[in-house]
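Inside the fold
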Amino acid sequence: MLSRLLVFFALLLILIASQLFWVRLIGKWATSLIPSALWRRRAGLAGWAVYLLLFTYNLLPSLVGAVVNLSSTPGRARSVVPEHRTLASALFHAHFLGWIRGEGNVEPTYLTLRAALLQAPFEWWILCSLLGFLIAISFGLADRMAHAVRWLYHKVGLAGRAVPLRNPVSLERRRFLERTALAVTTAPFVAGAYGMFYERLNLEISRRRIKIPHLPRAFEGFRIAQLSDIHIGPFMTAKEIRRYVAITNGLKPDLVALTGDFVTWDPSTQSAVVDVLAGVKAPFGVYGCLGNHEMWAKVEDSIARLFAGRSIRILRSEQALIRSGGEVINLLGVDYQSTSPMGPRGQRLVRKYLEGLDRLMVPGTANILLSHNPNTFDRAAEYGVDLSLAGHTHGGQVTLEFISPDLSPSRLITPYVRGWFEKPGSQLYVNRGIGTIGVPIRFDAPPEITIFELARS
Ligand SMILES: [Fe+2]
């Protein structure tokens, strides 16, 4: 608990420092860009008004909710998750659960003016100002180190030679370095806007041929479409999902696999997402598994029932035999499983992944597993599952994988962040999903629908 509290306060300090940094920097820019003191004051007041409005709207209810969470006794708590007792977890739940799940305040499944004008700009600002600040700190440290090295070089290396200390960095070069530092520091804001308005909605259709040597002949060329991580909400509206449903149907798959995270936090959105996904059609059926957000929103049973009512079968440690031409392939599905805690407490942890899956395997044919968490792949390979379809990572959502695969937040939770992986006798595909979590931004991880074509060779 102490370590979590320390991490929380460290993050809070970084956030405060980043805000002070940007307020000072913007103040300096205003001084050089707006010559009139009167207009500078007016712009400053307008800026402060917007800044305080965004922070008050987005954080005040969370702080109040956190205090309520902490001060309530478990039996009488108004909070959604009363078992949370640290400031960090109380704040988290007040913001992401209590706030949107408060009385009469449910998460909308369409883009509201409040979400567009108050929530999205705030989340964009927080993420980008933090990243910009961290880049500025890195530049500052590199600059200090370069100074120190130069100082040492002249003090130690040239000691006794009576060489005058010259400044090796010319004024022009210094100006160039300062401009570069400024451009890199402000780049996250431009990248964030691009990720919010363009890349987040720039769907990519991935096509992949999957070779399964013992695939029954009748399933040669069988096409499976995978949709994942829908996260219905104001930034993944029912209307937007309908567009993805139409695209999926247009791909003419034989079967559709939905690999979890249909909702985000709010249970009241489950009917809307099921209604829209009921539009997905495939001759061999639509199947799915549940994600961690169904577990956190406590809708696993209810959403599985809603899907069943719309002829979509959610496989919960179950199998479905897909038959064609007198032959069969085995489709398996499991609920979200994790061996280490992440997110809200009280989640279901497993000692070992895919316990009991061996009982559902069918020897001699293709076994295809739907499992939201890609970390089940190692165990699936041990069982001899031919193909695992997963989601969960959003492909990192905001990454710099084009520079290095290590520059992705999802690397903290899994080595299987996106795309295709192989082990002897087993393959995994991690779909980047279509929705977002936390901030409505995608960068270097566009939304994806995958269409697989099964082949014997
Ligand atoms: Fe997700």
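As shown above, the structure is provided for reference.
Here the structure is a predicted model, which is why all the values come from computation and not from measurement. (Residues numbered from 1 in each chain as written. Predicted model: local features only at pLDDT ≥ 70, side-chain atom pairs only at ≥ 80, totals over all residues. Heavy atoms only, no water.)

1. Things to note about the nonpolar core
A general trend in soluble globular proteins is that nonpolar side chains are found buried together. Formed by 33 residues in total, the largest nonpolar core has its most connected members in Phe262, Val273 and Leu277. Counting residues per element, the ones that place at least two in this core are β2 (223-227), α6 (238-250), β3 (255-259), α7 (270-277), α9 (300-309), β5 (312-314) and β12 (448-455). Counting residues in hydrophobic clusters, the runner-up holds 23 residues, among them Ala257, Cys289, Ala320 and Phe452. (Core = buried A, V, L, I, M, F, W, Y, C linked by side-chain atoms within 4.5 Å. Buried < 20%, exposed > 50% of the residue type's maximum accessible area, 1.4 Å probe, protein only. Helix = DSSP H or I, 4+ residues; strand = E, 2+ residues; numbered from the N terminus.)

2. A word on the sheet that holds strand β4 (residues 286-289)
Strand order in this open sheet of 6 strands is β1-β12-β2-β3-β4-β5, and the pairing throughout is mixed. Here the strands that pair on one side only, and so sit at the sheet edges, are β1 (204-211) and β5. Neighbour to neighbour, the strand axes of the sheet diverge by 25 degrees on average, direction disregarded. Relative to β12, β1 is paired through 8 bridges, and the arrangement is parallel. If you follow Glu204 over to β12, its bridge partner there is Glu448. (Pairing = 2+ DSSP bridges. Axes fitted to C-alpha atoms, helices over the stretch in contact; angles between N-to-C directions.)

3. Quick word on the coordination of the iron ion
Of the protein atoms, only Asp229 (OD), His231 (NE2), Asp261 (OD) and His394 (NE2) coordinate the iron ion, at distances of 2.1 to 2.3 Å. Geometry at the iron ion is irregular, judged from its 4 donor atoms and the angles of 86 to 176 degrees they form at the metal. On the primary sequence, the residues serving as donors to the iron ion are separated as D-x1-H-x29-D-x132-H. Of the two residues, His231 is situated in the loop between β2 and α6 and Asp261 in the loop between β3 and α7; the sequence distance between them amounts to 30 residues. Of the residues examined, His231 reaches a relative accessible area of 3% and is grouped as buried. (Donors = N, O, S within 2.8 Å, 3.2 Å for Na, K, Ca; no water. Tetrahedral: all angles 85-135°; square planar, octahedral: opposite > 155°, others 65-115°.)

4. Quick word on the pattern of salt bridges
Between side chains of opposite charge, pairing is possible as soon as their charged atoms come close. Taken as a whole and assessed by the stated rule, the structure comprises 14 salt bridges. The residue Arg243 makes a salt bridge to Glu240 at a minimum N-O spacing of 2.9 Å. With Arg243 and Glu240 both in helix α6 and 3 residues apart, this pair spans about one turn of that helix. Note on Glu240: relative accessible area 16%, which makes it buried. (Salt bridge = Lys/Arg side-chain N within 4 Å of Asp/Glu carboxyl O.)

5. A word on the environment of Met342
Relative to the elements of secondary structure, Met342 occurs in the loop between β7 (327-334) and β8 (367-371). The exposure class of Met342 is partly exposed, given its relative accessible area of 25%. For the pair Met342 and Asn292, spaced 50 residues apart in the sequence, the C-alpha separation amounts to 9.5 Å.

6. A few points about the sheet that holds β7
Taken in spatial order, the 6 strands make up an open sheet running β6-β7-β8-β9-β11-β10, and their pairing is mixed. The sheet is open, and its two edges are formed by β6 (318-324) and β10 (419-423), each paired on a single side. Averaged over all pairs of adjacent strands, the angle between their axes in this sheet comes to 20 degrees, without regard to strand direction. Here strand β9 (residues 387-390) runs beside strand β11 (residues 426-430); their pairing, made up of 4 bridges, is parallel. Looking at β11, one finds that Ser388 is bridged to Leu428.

7. Some words on α7
Turning to α7, its buried residues number three or more, namely Gln270, Val273, Val274, Val276 and Leu277. Taken around the axis of α7, the buried residues stretch over an arc of 165 degrees, which confines them to a single face. Along its buried surface, α7 packs onto α6, β3, α9 and β5. (Arc of directions from axis to C-beta. Contact = heavy atoms within 4.5 Å.)

8. Considering the pairing of β6
Looking at chain direction, β6 and β7 are connected through 7 bridges and run antiparallel. From the neighbouring strand, Glu318 faces β7, where its bridge partner is Gly333.

9. Here's the deal with the packing of α6 against α7
Relative orientation of the contacting elements α6 and α7 amounts to 25 degrees, with a least axis distance of 9 Å. The angle between α6 and α7 falls in the class roughly parallel. Crossing angle aside, the handedness with which α6 passes α7 is right-handed. Two secondary-structure elements touch here, α6 through Ala238, Ile241, Arg242 and Val245 and α7 through Val273, Val276 and Leu277. (Parallel < 35°, antiparallel > 145°, perpendicular 65-115°, else oblique. Left-handed = near helix turned anticlockwise from the far one by under 90°.)

10. A look at a nonpolar patch on the surface
Nonpolar side chains collect at one region of the surface, where Leu5, Phe9, Leu12, Ile16 and Leu20 lie side by side and expose about 420 Å² of accessible area between them. Its place among the elements puts Phe9 in helix α1 (residues 2-33). Classification of Phe9 by relative accessible area gives partly exposed; the value is 38%. (Patch = residues over 30% accessible without salt bridge, like charges linked within 9 Å, V, L, I, M, F, W, Y side chains within 5 Å. Areas by Shrake-Rupley, 256 points an atom, 1.4 Å probe, with all protein chains shown as cover.)

11. Digging into α6
When the terminal C-alpha atoms of α6 are compared, their 18 Å separation across 13 residues agrees well with the 18 Å that a helix rising 1.5 Å per residue should span. Residues Ala238, Glu240, Ile241, Tyr244, Val245 and Thr248 constitute the buried set of α6. For α6, the arc enclosing every buried residue in end-on projection is 155 degrees, short of the 170-degree limit, so these residues lie on one face. Along α6, the residues that are exposed and aim more than 90 degrees away from the buried face are Lys239 and Gly250. Note on α6: the residue one or two positions beyond its end, Lys252, has a positive phi of about 55 degrees. (Expected span 1.5 Å × (residues − 1).)

12. Some points on the packing of aromatic side chains
Any pair of aromatic rings gets described here by the distance separating the centres and the angle formed by the planes. Evaluation of the coordinates by the stated rule reveals 21 aromatic pairs. For the ring pair Trp125 and Phe189, a centre distance of 5.4 Å and an interplane angle of 40 degrees mean the geometry is tilted. Of this pair, Trp125 sits in helix α4 (residues 113-157) while Phe189 sits in helix α5 (residues 171-197); the two residues are 64 residues apart in sequence, bridging distant segments of the chain. The same class applies to Trp125 as to Phe189, namely buried. Geometrically, the ring pair formed by Tyr429 and Phe452 is edge-to-face, given 5.1 Å between the ring centres and 80 degrees between the ring planes. Placement of Tyr429 in strand β11 and of Phe452 in strand β12 is noted, with a sequence separation of 23 residues between them. A network of ring pairs unites the aromatic residues Phe21, Trp22, Trp29, Trp48, Tyr51, Phe55, Phe122, Trp124, Trp125, Phe133 and Phe189 as a single cluster. Positioned over the ring face of Trp39 is Arg42, at 4.7 Å from the centre of the ring. If you follow Arg243 out to its NZ or CZ, it ends over the ring of Tyr244, 4.9 Å from the centre. (Phe/Tyr/Trp six-rings, centres within 6.5 Å; stacked < 30°, edge-to-face > 60°. Lys NZ or Arg CZ within 6 Å of the ring centre and 35° of its normal.)

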